[in-house]
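Now for the letters of each chain:
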Amino acid sequence: AKAGLYTVTTSVQLTNANTTTDDDVALWFRINGSDLPLSASQATVVKSHGGVPGSAVLTVNIFYQFNDSDYLELAWLTKFGNAQIITYGASTSPAYPAAPGVILTIAQVV
């Protein structure tokens, strides 16, 4: 709603339960419905091994000069369709908090 320079950071938790194929994931930003050049990051999420699904965390940070009417989208795709965004629930033994599938932080810099 307010023009200015912003920092945008996202963290995406990925999993791959497929037992035969690693999967490549791309994640990028769109501004006003158009892909933002040079904003993509890629990661390979390894296949399940020893009964444990593969996992990866993909983090992207950009600085962008937004106008009043701009809007932001987060886009992603997988090469083989095996990787998924996953939220892990909290645990009591051992104790740790839940791990959200996507965290998005936006803060105005100027």
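The shown structure was predicted, so the numbers you read here are calculated from the model rather than taken from an experiment. (Residues numbered from 1 in each chain as written. Predicted model: local features only at pLDDT ≥ 70, side-chain atom pairs only at ≥ 80, totals over all residues. Heavy atoms only, no water.)

(A) Summary view of the packing of aromatic side chains. On inspection of all chains with the given rule, the structure shows 2 aromatic pairs. Geometrically, the ring pair formed by tyrosine 6 and phenylalanine 66 is edge-to-face, given 5.5 Å between the ring centres and 85° between the ring planes. Of the two residues, tyrosine 6 is situated in strand 1 (residues 4–16) and phenylalanine 66 in strand 5 (residues 54–66); the sequence distance between them amounts to 60 residues. Comparing tyrosine 6 with phenylalanine 66 shows no difference in burial state: the two are buried. Ring centres of tyrosine 64 and phenylalanine 66 lie 4.7 Å apart, and the angle between their planes is 70°; on these two criteria the pair is classed as edge-to-face. Tyrosine 64 gets classed as partly exposed once you look at its relative accessible area, which sits at 21%. (Phe/Tyr/Trp six-rings, centres within 6.5 Å; stacked < 30°, edge-to-face > 60°. Helix = DSSP H or I, 4+ residues; strand = E, 2+ residues; numbered from the N terminus. Buried < 20%, exposed > 50% of the residue type's maximum accessible area, 1.4 Å probe, protein only.)

(B) Looking closely at the pattern of salt bridges. Taken as a whole, this structure holds 1 salt bridge when the rule is applied. Between arginine 30 and aspartate 35 there is a salt bridge; the shortest N-O distance is 2.8 Å. Residue arginine 30 is classed as partly exposed on the basis of its relative accessible area of 27%. Accessibility expressed as a relative area gives 48% for aspartate 35, which makes it partly exposed. (Salt bridge = Lys/Arg side-chain N within 4 Å of Asp/Glu carboxyl O.)

(C) Region of interest: the side chain of threonine 15. With respect to the element layout, threonine 15 can be found in strand 1. By relative accessible area, threonine 15 is classed as buried at 8%. Residues contacting threonine 15, with those up to four places away along its chain left out, are Val45, Pro53, Gly54, Ser55, Asn82, Ala83, Gln84, Ile86 and Tyr88. (Contact = heavy atoms within 4.5 Å.)

(D) Structural detail: the nonpolar core. Counting residues in each nonpolar core, the largest one holds 17 residues, and the members touching the most others are Leu14, Val25, Phe29, Val45, Leu58 and Ile62. Those elements giving two or more residues to this core turn out to be strand 1, strand 2 (23–31), strand 4 (41–45) and strand 5. If one sorts the elements of this core by residue count, strand 5 sits on top with 5 residues. Beyond its immediate sequence surroundings of up to four residues, isoleucine 62 is in contact with Tyr6, Thr7, Val8, Phe29, Leu36 and Ser39. (Core = buried A, V, L, I, M, F, W, Y, C linked by side-chain atoms within 4.5 Å.)

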